[in-house]
Amino acid sequence: MAKRKAKTRWTPLQIITHLGALFPLVWLAWDFWQGQTALLINPFQEATFRTGKAAIILLMLSLACTPINTVFGFKQVLALRKPLGLYAFMYAAIHFSIFIVDNGLVSNSLNLWAVYEATFEKRYALVGFAAFVVLLALAITSNQWSMRTLRKNWKRLHRFVYAAGVLAVIHFVWLVKSDIREPLIYGALLTIMLVLRIPAVRKWVVNTRQNLSRRRQAATSSS
Amino acid sequence: MATKINSSEITPEHIYLSRRKFMIGIGSLAASAAVLSACGNQFGSTASGSNAQAALPDDLKVSATTDELGDELTPFGAVTSYNNFYEFTTTKEGVAGLAEGFKTSPWQVEVGGLVNNPKTFDIDDLRTKFAQEERIYRLRCVEAWSMVIPWLGFSLSEILKEVEPTAQAKYVRFETLYDPDRLPGQSSRWYNWPYIEGLRLDEAMNPLATMATGLYGKHLLPQNGAPFRLVVPWKYGFKSIKSIVKIELVDKMPVSLWMAAAPNEYGFYANVNPDVPHPRWSQATERRIGEFGRRDTLPFNGYGDEVAYLYEGMNLRANF
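How each quantity is defined
Residues numbered from 1 in each chain as written. Chains lettered and ligands numbered in written order. Predicted model: local features only at pLDDT ≥ 70, side-chain atom pairs only at ≥ 80, totals over all residues. Helix = DSSP H or I, 4+ residues; strand = E, 2+ residues; numbered from the N terminus. Contact = placed C-beta atoms within 7 Å. Buried ≥ 20, exposed ≤ 12 C-beta atoms within 10 Å, placed from the backbone. Pairing = 2+ DSSP bridges. Axes fitted to C-alpha atoms, helices over the stretch in contact; angles between N-to-C directions. Nonpolar A, V, L, I, M, F, W, Y, C, P; charged D, E, K, R; others polar. Expected span 1.5 Å × (residues − 1). Arc of directions from axis to C-beta. Core = buried A, V, L, I, M, F, W, Y, C linked by C-beta atoms within 7 Å. Parallel < 35°, antiparallel > 145°, perpendicular 65-115°, else oblique. Left-handed = near helix turned anticlockwise from the far one by under 90°.

(A) Representation of the overall build of chain B in the model. Secondary structure summary: chain B contains 10 helices and 12 strands in total. Put simply, 66% of the contacts in chain B that link residues at least 6 apart link residues at least 24 apart.

Have a look at this one:
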């Protein structure tokens, strides 16, 4: 019983996270309401871009929590991995739903074959779909009951979030026209975040940080 | 005493047009019913997607509200605010703002190369010397969206007849203005500026290949390729090169900017073809701007009867 605390209060960091994660959705609705040019003229394409961008940013942020703790020893962010990951899934789900309607609605009738073709015939769509399937599996199992049932397999399963990150970046690289600078920035950040998870690297970073802070403490106490 | 109206009180054209665009564009969206009823007073309740003519600002002129297939014209507001023109920016809705004030006069177009009679035309000559016709054509972007646009212009063949191509001339090469100070997108090193496009001479002589000086009865706006551009309705939009300063008759197939940037994705011919997918997406369907849901893409963008003969016996999959 001691484990379960009384209703936890939300920290400012958590509030910022939730507000920030919901912002792209509110912004999208606001711009649609205001008749923003691209949303007015080519709404499917623009909404697809925006929700996809929100999904990949939130997924990257979710993956950034652990390395941030490794480098800065900032434990609070670890609790953000789950909400950020779930928000990433939410945007990915909206993104994929728009994709289904956009590709399925041809000449005013629903064409499921067209959805199938659009999803599986093009590599960028296929890797995007794969990333979505991974996020779906993780979202479904992101609860206490699944953790208890799956035990050590839960951790194994949730390591697939790295794969989702890689697939999402590949999806982005493959869909841009020519200037791949932006997706490559995501790729570089993801690489750094994954390298910082390698046990040896992680240990070295943590040791360095602790040595530094010890030295600083010694310096301040001796002066 | 006459009431003085400050210039600040006059609604700038782009805002007034964007209001029109909102009224016209929103009418054809499926979500329109809810939105219109919610803001009916603000925007008026006269908006109707099915009657573009009634909502046209006074300075726009069109003789018909549909193309020959019965497809409605894309509203002026959409045509002039959603543009692919990388010389300004790669953001489609950002082009109009950046292109505002782009100087299109004086403007000269040099027509030369393998010709007997090279000439330099002033833009005013091009607007007066050749009879300007309204031509309502579908524009199909390689990104799978499309519009129906009432252009103003004349057949490219008319210029070519003036300069008399020699027997060696096999292709026509077009070049956009190169001036990074005025065309900020040209500072991007991702593309090999200036923009180049080309046509085979027999394609160029087809009467559908159009040199446009205007749309909706007005001179072209900078975001649409002012003051002088190509319109090749049976090919993907990127073939229809904008803001042209040079037309050259040559004996070798020109390498276009897009062929140089991504040779496996963009070929010389770039005919609209639902059966030949882009390496990264399907070309079988398209989003017609203003419509909810996609529609099937037509071979040669629906102009097969006029142009298919040009490609008889050619493998269109290899010559994409």
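(B) Quick look at the overall build of chain A. A tally of helices and strands in chain A yields 11 helices and two strands. Ordered by position from the N terminus, the helices and strands of chain A form the series α-α-α-α-β-β-α-α-α-α-α-α-α. Principal-axis analysis of the C-alpha atoms places the extent of chain A at approximately 75 × 45 × 35 Å. The buried share of chain A, reckoned over its 223 residues, is 26%. Sequence separation of at least 24 residues holds for 63% of the intrachain contacts in chain A that already meet a minimum separation of 6.

(C) Region of the structure containing the sheet that holds strand β2 (residues 119-122) of chain B. All names here are of chain B. Across the sheet, which stays open at both edges, the five strands sit in the order β2-β1-β10-β5-β6 with mixed pairing between neighbours. With partners counted over all chains shown, the strands left at the sheet margins are β2 and β6 (196-200), one partner each. Along the sheet, successive strands turn relative to each other by an average axial angle of 15°, direction set aside. Across four bridges, strand β1 (residues 108-113) lies against β2 in antiparallel orientation. Each bridged residue has a counterpart across the sheet, and for V109 the counterpart in β2 is F121.

(D) Quick peek at the interface of chain A and chain B. Every contact between the two is made by 22 residues of chain A and, on the other side, 22 residues of chain B. Counting residues per element, the ones that place at least two in the side of chain A that touches chain B are α2 (37-41), α3 (43-72), β1 (105-106), α5 (112-120) and α9 (160-175) of chain A. Along the lines of polarity and charge, the residues of the side of chain A that touches chain B split into 11 nonpolar, seven polar and four charged.

(E) Structural context of α9 of chain A. Residue and element names in this part refer to chain A. Taking 1.5 Å as the rise per residue, α9 with 16 residues should run 22 Å; its terminal C-alpha atoms sit 23 Å apart, in good agreement. Within the span of α9, buried status applies to A164, G165, L167, A168, V169, H171 and F172. Where α9 is buried, its residues meet α3, α6 (123-140) and α10 (181-195).

(F) Highlighting helix α7 (residues 156-163) of chain B. Residue and element names in this part refer to chain B. Among the residues of α7, those classed as buried are L156, I159, L160 and V163. On an axial view of α7, the arc spanned by its buried residues comes to 100°, and they lie on one face. Buried residues belonging to α7 abut β1, β2, β4 (145-155), α8 (201-205) and β7 (210-215).

(G) Representation of the nonpolar core in the model. Counting 100 residues, the largest nonpolar core has L58, A88 and L135 of chain A as its most contacted members. Here this core takes 10 residues from helix α4 (residues 81-104) of chain A, the largest share from any one element. Aside from chain neighbours lying at most four places away, what touches L135 of chain A is A88, F89, A92 and A164 of chain A. With eight residues, the next largest nonpolar core counts F85, A96, A99 and L177 of chain B among its residues.

(H) Up close: the environment of F76 of chain B. All names here are of chain B. Mapped onto the elements of the fold, F76 is located in helix α4 (residues 76-79). Given 26 C-beta atoms within 10 Å, F76 falls into the buried group. Sequence-wise, F76 and Y216 are 140 residues apart; in three dimensions their C-alpha atoms are separated by 7.2 Å.

(I) Region of the structure containing the packing of α4 of chain A against α6 of chain A. Residue and element names in this part refer to chain A. For the pair α4 and α6, interaxial distance at closest approach is 10 Å and the crossing angle is 135°. With respect to their mutual orientation, α4 and α6 come out oblique. Remark: the crossing between α4 and α6 carries left-handed chirality. Taken together, the residues of α6 that come into contact with α4 (itself represented by G85, L86, A88, F89, A92 and F96) are F132, L135, L136, L138 and A139. Split by residue class, the contact of α4 with α6 holds 10 nonpolar, one polar and no charged.

(J) Here's a closer look at unusual backbone geometry. Residues and elements named next belong to chain B. Following S105, the chain continues into P106 via a peptide bond in cis, with omega recorded as 5°. Relative to the helices and strands, P106 is located in the loop between α5 (95-99) and β1. At the junction of W193 and P194, the peptide bond is cis and its omega measures out at 0° in the coordinates. Assignment of secondary structure puts P194 in the loop between β5 (171-176) and β6. Unusually for a residue other than glycine, A270 sits at a positive phi of about 50°. Locating A270 in the fold gives a position in the loop between α9 (257-261) and β11 (285-288). Look at F300: it is not a glycine, yet its phi comes out positive at around 50°.

(K) Spotlight on the environment of A92 of chain A. Residues and elements named next belong to chain A. Mapped onto the elements of the fold, A92 is located in helix α4. A92 gets classed as buried once you count the C-beta atoms within 10 Å, which come to 27. Counting along the chain gives 38 residues from A92 to A54, while the straight-line C-alpha distance between them is 8.3 Å. Dropping the residues within four chain positions of it, A92 is found in contact with A55, F132 and L135.

(L) The arrangement of the pairing of β6 of chain B in detail. Residues and elements named next belong to chain B. The buried fraction of β6 is high, at four of five residues. With five bridges connecting them, β5 and β6 associate as antiparallel partners. Counterpart to V172 in the pairing with β6 is L199.

(M) Main features of the packing of α6 of chain A against α9 of chain A. Residues and elements named next belong to chain A. At a closest axis distance of 8 Å, the pairing of α6 and α9 adopts a crossing angle of 155°. Judged on the interaxial angle alone, α9 and α6 are roughly antiparallel. For the pair α6 and α9, the crossing hand works out as left-handed. Residues R123, Y124, V127, G128, A130, A131, V134, L135 and L138 of α6 touch α9, and the partners they reach there are F160, V161, A163, A164, L167, A168, I170, H171, W174 and L175.

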